[in-house]
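Observations on the three-dimensional arrangement
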Amino acid sequence: MTRQTLSHTVLTPPADAESVIAGLRGSIDVLDAQILELLERRRGLSASVQRARISSGGRRTELGRENVVIKRYADRLGRPGGTMAMALLEFCRGATAPGVLGAPGSGP
């Protein structure tokens, strides 16, 4: 199933494939929305842990704990999982300024 368009060959999926693809993409969109919600919840919990640690005289981040998280992701998902965990930890660290821990768009 091909057609010529501007001297390029384009594969045209059958109509039923298009509906399958649309349904699968819809499912992906639902999962993405759930993942985003979970990331926001995780960021809030992380900010609470950081505030509690700081208020008791501790450091904002605990590298040992971060290594445990990175290892968990890497063990489950391989090298890309470790990279994802590092991005997640950076996202959840929040800002360093008091009062804005976990603020969206803030960096470490």
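Keep in mind that what you see is a predicted model, and the values were worked out from it rather than measured. (Residues numbered from 1 in each chain as written. Predicted model: local features only at pLDDT ≥ 70, side-chain atom pairs only at ≥ 80, totals over all residues. Heavy atoms only, no water.)

**Brief notes about helix H2 (residues 63–77)**
For the α-helix, the turn length of 3.6 residues means that residues three or four positions removed from each other point alike. Its 15 residues give H2 an end-to-end C-alpha distance of 21 Å, which sits within 8% of 21 Å, the value for a rise of 1.5 Å per residue. The first or second residue beyond H2 is glycine 78, which carries a positive phi of 80°. (Helix = DSSP H or I, 4+ residues; strand = E, 2+ residues; numbered from the N terminus. Expected span 1.5 Å × (residues − 1).)

**Describing the environment of arginine 60**
On the secondary structure map, arginine 60 appears in the loop between helix H1 (15–55) and H2. A residue is classified by how much of its surface remains accessible, and arginine 60, at 16% relative accessible area, is buried. Reaching out from arginine 60, the side chain makes a polar contact with the side chain of glutamine 50 at a distance of 3.2 Å. Within the structure, arginine 60 has its side chain in polar contact with the backbone oxygen of arginine 93 (distance 2.7 Å). (Buried < 20%, exposed > 50% of the residue type's maximum accessible area, 1.4 Å probe, protein only. Polar contact = N/O pair within 3.5 Å; in protein donor to acceptor, adjacent residues only side chain to side chain.)

**Observations concerning the environment of glutamate 66**
Position of glutamate 66 relative to the elements: it lies in helix H2. Beyond its immediate chain neighbours, meaning those up to four positions away, glutamate 66 contacts Thr61, Leu89 and Arg93. (Contact = heavy atoms within 4.5 Å.)

**Comments concerning the packing of H1 against helix H3 (residues 79–93)**
Relative orientation of the contacting elements H1 and H3 amounts to 60°, with a least axis distance of 8 Å. As judged from the angle between their axes, H1 and H3 are oblique. Handedness of the crossing formed by H1 with H3: right-handed. Two secondary-structure elements touch here, H1 through Leu39, Arg42, Arg43, Ser46 and Gln50 and H3 through Leu88, Leu89, Phe91, Cys92 and Arg93. Of the residues belonging to the contact of H1 with H3, the class tally is five nonpolar, two polar and three charged. (Axes fitted to C-alpha atoms, helices over the stretch in contact; angles between N-to-C directions. Parallel < 35°, antiparallel > 145°, perpendicular 65-115°, else oblique. Left-handed = near helix turned anticlockwise from the far one by under 90°. Nonpolar A, V, L, I, M, F, W, Y, C, P; charged D, E, K, R; others polar.)

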